[in-house]
Amino acid sequence: MRDRVRAIVGSMNLVPVPIDGLSDQDNLFDTGMTSFGSVQLMLAIEEEFDIEFPNSLLTRKTFATLGGLIAAVEQLATQKV
Amino acid sequence: MIPNAVKQGVDLSQAASWRDVMQRIASEVASRHAELADRTATFPAQTFEALRRNGMLGLMVPKDLGGQELGLRKIADLCAILAGACGASGMIYAMHQIKLSSLVAHGMDTDYHRALMRDVATKQLLIASSTTEAGIGGDMRVSNCAIEVTGDRVSLTKQASVLSYATEADIIMATARRSPTSAGSDQVLIALRRHDYQLERTAEWNTLGMRGTCSEGFLLTATAGADQIFPKPFHEIAVQSMLATAHVLWASVWFGIASNALSRAHASVRATARRMPPDFAGPLPGAARLAEATAKLQAFKATLVAHIERFETAKRDDDDLNSNNFTVEMNNLKVMASNMAVDVVREALMVTGIAGYRNDGPFSIGRHLRDVLSAPLMVANDRILANTAGLVVASRFDSGLE
């Protein structure tokens with residue numbers, strides 16, 4: 001799960017630095033991800049994992065760090081099963 | 001027949017489940033058969049079979065008569081969900097509930113109507129409404145036809161120029177003058193079972209939208225028991241429950257159509273967003289208009305919810321319920337909701353562009369637009385405003401916010 005999320009973020013060129021150089025705690029917005037970039041990331045994640053983010057998780061915080069995003073995806077993927 | 005949902009032990013304490021049941025019917029049945037009902041102007045039979053099977057037709061009936069005693073707001077929600085999948089199904093379901101609400105509000109003291117409610121709940125009977133009549137210019141509060149009494153039996157012959165889903169219904173509730181010598185406005189309401197009446201088709205239903213409602217014209221001839229007439233005069237039934245319930249549930253149907261159209265517009269903007277490079281600096285095509293349409297849908301929802309609460313409050317105070325002010329407010333709900341619904345669907349079309357204009361594809365809102373265009377016409381807004389104009393002079397707007 002963690003690797004798949006990181007791979008998506010890496011493949012989308014959302015930040016101008018290599019994904020391998022980012023920890024799960026680094027703030028993606030501070031690293032250069034735009035607001036629109038976060039929307040695209042949300043759409044890509046929903047598609048990849050066949051999940052829908054509820055409004056409660058559609059916050060800046062969820063998408064600010066890889067760690068936050070991975071936790072949200074894990075939570076939603078568990079609920080789906 | 002015992003409805004599945006009832007068999008499964010779903011009751012009022014799990015009221016959210018009725019919403020789940022309706023969502024399932026909407027997505028698994030109604031949305032799949034909507035196109036056929038629309039294209040061929042035929043009754044959405046599979047959808048109503050699913051509604052019956054799940055016990056969805058008697059939810060408003062009191063518990064001691066076999067129903068679930070669901071309140072208006074929950075029924076409104078169910079109407080909106082179904083209408084989002086199939087506008088015609090939503091409208092038929094709403095019309096059924098409107099008639100059922102008259103039974104619940106005005107039929108509790110008479111044996112015939114209590115038994116009828118029990119049958120609606122346990123046998124999942126569908127109720128149609130015959131108020132419109134040829135030669136009265138569309139005014140529901142006037143009848144030409146009259147009840148004729150012979151002992152304890154009555155008979156009725158009505159030129160029902162619009163009688164939605166008449167051949168599919170199990171019950172028709174019809175208005176008529178009290179007697180052949182009564183004035184046109186001295187009306188009663190009678191509940192007729194299928195074995196009480198015959199229908200002879202006099203007009204087809206080939207319209208722009210709402211095609212599955214099959215609102216054809218019929219010559220209705222009936223003989224029935226005198227006890228099938230509601231004891232209350234029709235004008236009281238109309239003012240105290242029917243008009244407000246009709247306007248709330250129609251508005252809910254239009255809300256369902258509008259919000260589904262907007263969700264398609266939303267999906268189309270998302271599809272556009274996926275195609276953009278991540279460094280795209282915007283503005284995203286359609287997103288600003290989507291935002292504007294969302295604001296309109298939000299205003300629509302707030303208006304609808306406020307008026308449902310307004311009605312619930314008025315039900316506890318007869319003076320309020322019979323006041324000009326209340327009628328004005330509920331008339332205004334119909335006018336506002338119908339205009340807002342058309343507005344939102346039109347905005348959704350602007351967002352989706354040609355993909356929405358198509359009659360096929362995931363972003364199609366052609367049917368939504370054609371269906372929702374009936375909203376300002378079914379009881380024409382001009383007629384309602386003309387009626388309101390007389391009342392508004394004799395009432396005062398409540399400008400308090402508390």
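All of these numbers come straight from a predicted model, not from anything done at the bench. Along each chain, residue indices are assigned from 1 in the same order as the chain's sequence is written. Labels follow written order: the first chain is A, the first ligand is 1, and so on. Predicted model: local features are reported for residues with pLDDT of at least 70 only, side-chain atom pairs are reported and counted for 80 or more only, and whole-chain, interface and lining totals are derived from all residues.

Draft legend 1. Up close: the overall build of chain B. Helix numbering and strand numbering both begin at the N terminus, where a helix is a DSSP run of H or I of at least 4 residues and a strand a DSSP run of E of at least 2. Helix and strand content of chain B: 13 helices and seven strands. For the radius of gyration, the atoms used are the C-alpha atoms, and the globule rule reads 2.2 Å times the number of residues raised to 0.38. Radius of gyration (C-alpha) of chain B: 21 Å, near the 21 Å computed for a compact globule of 402 residues. By its C-alpha atoms, chain B is 85 × 50 × 45 Å across when sized along the principal axes. In chain B, which comprises 402 residues, the proportion classed as buried is 48%. Whether a residue is buried, exposed or partly exposed follows from its count of other C-beta atoms within 10 Å of its own C-beta, namely 20 or more, 12 or fewer, or something in between, respectively; the C-beta atoms are built from the backbone.

Draft legend 2. Molecular detail of the overall build of chain A. When helices and strands are tallied, chain A shows five helices and zero strands. Mapped in sequence order, the helices and strands of chain A form the string α-α-α-α-α. The C-alpha atoms of chain A give 12 Å as radius of gyration, which agrees with the globular expectation for 81 residues (12 Å, within 12%). Taking all 81 residues of chain A together, the buried fraction comes to 22%.

Draft legend 3. Looking closely at the packing of helix H1 (residues 2-11) of chain A against helix H5 (residues 66-80) of chain A. All names here are of chain A. Interaxial distance between H1 and H5 falls to 10 Å at its minimum, and their mutual angle equals 125°. As far as their axial angle goes, H5 and H1 are oblique. Considering the relative orientation of H1 and H5, their crossing is right-handed. On the side of H1, the interface is formed by Arg2, Val5, Arg6 and Val9, while H5 contributes Leu66, Leu69, Ile70 and Val73. Each residue gets one label: Ala, Val, Leu, Ile, Met, Phe, Trp, Tyr, Cys and Pro are nonpolar, Asp, Glu, Lys and Arg are charged, and the others, such as Gly, are polar. Split into classes, the residues belonging to the contact of H1 with H5 amount to six nonpolar, no polar and two charged. For helices, the fitted line uses only the C-alpha atoms of the stretch in contact; every axis is such a line through C-alpha atoms, and the angle between N-to-C directions lies from 0 to 180 degrees. Note on angle classes: values under 35 degrees are labelled roughly parallel, values over 145 roughly antiparallel, values of 65 to 115 roughly perpendicular, and the remainder oblique. By the definition used in this description, the sense in which the near helix is turned from the far one sets the handedness, with an anticlockwise turn below a right angle giving left-handed and a clockwise turn giving right-handed. Residue pairs qualify as contacts under a 7 Å threshold applied to their C-beta atoms, which are placed from the backbone.

Draft legend 4. Looking closely at the environment of Ala71 of chain A. Its place among the elements puts Ala71 of chain A in helix H5. The spacing of Ala71 of chain A and Arg60 of chain A is eleven residues in sequence and 14 Å in space, taken between C-alpha atoms.

Draft legend 5. Quick peek at the packing of helix H4 (residues 72-85) of chain B against helix H5 (residues 87-106) of chain B. All names here are of chain B. At a minimum axis separation of 7 Å, H4 and H5 run at an interaxial angle of 155°. Taken together, the axes of H4 and H5 are roughly antiparallel relative to one another. In this structure, H4 contributes Ile75, Cys79, Leu82 and Ala83 to the contact, and H5 contributes Gly87, Ser89, Gly90, Met91, Tyr93, Ala94 and Gln97.

Draft legend 6. Highlighting the interface of chain B and chain A. Between chain B and chain A, the contact holds six residues from the first and eight residues from the second. When the residues that make up the side of chain B that touches chain A are grouped by side-chain class, the tally is three nonpolar, one polar and two charged.

Draft legend 7. Local environment of the sheet that holds strand S3 (residues 153-164) of chain B. All names here are of chain B. Taking strand neighbours across the sheet as the criterion, the four strands line up as S2-S3-S7-S6 in an open arrangement whose pairing is antiparallel. Lying at the two open borders of the sheet, with one neighbouring strand each, are strand S2 (148-150) and strand S6 (197-203). Averaged over all pairs of adjacent strands, the angle between strand axes in this sheet comes to 20°, irrespective of strand direction. Strands pair, by our definition, only if DSSP identifies at least two bridges between them. Pairing of S2 with S3 involves three bridges; the strand directions are antiparallel. If you follow Glu148 over to S3, its bridge partner there is Ser155.

Draft legend 8. Molecular detail of H4 of chain B. Residue and element names in this part refer to chain B. End to end, H4 covers 20 Å across 14 residues, agreeing with the expected 20 Å (1.5 Å per residue, within 8%). Most of H4 is tucked away, with eleven of its 14 residues classed as buried. For H4, the full list of buried residues reads Leu72, Ile75, Ala76, Leu78, Cys79, Ala80, Ile81, Leu82, Ala83, Gly84 and Ala85. By this rule, a helix spans an expected 1.5 Å times one less than how many residues it contains.

Draft legend 9. Structural context of the sheet that holds strand S5 (residues 187-193) of chain B. Residues and elements named next belong to chain B. Pairing within the open sheet is mixed, and its three strands lie in the order S1-S4-S5. Sheet topology places strand S1 (127-130) and S5 at the edges, where each strand pairs with a single neighbour. Taken pair by pair, the neighbouring strands of this sheet meet at an average axis angle of 25°, ignoring direction. Relative to strand S4 (residues 171-177), S1 is paired through four bridges, and the arrangement is parallel. Each bridged residue has a counterpart across the sheet, and for Ser130 the counterpart in S4 is Ala174. Docked against the sheet, H5 engages S1, S4 and S5, running at close to 85° with respect to S1.

Draft legend 10. Structural view of the nonpolar core. The term nonpolar core means buried Ala, Val, Leu, Ile, Met, Phe, Trp, Tyr and Cys residues held together as one set by C-beta atoms within 7 Å. Residues Ala258 and Ala341 of chain B are the most contacted members of the largest nonpolar core, which totals 121 residues. No other element matches helix H7 (residues 234-275) of chain B, which puts 20 residues into this core. Residues contacting Ala341 of chain B, with those up to four places away along its chain left out, are Trp254, Phe255, Ile257, Ala258, Phe300, Val372 and Ala375 of chain B. Core analysis: the second largest hydrophobic core is formed by 13 residues, Val5, Val15, Leu41 and Ile45 of chain A among them.

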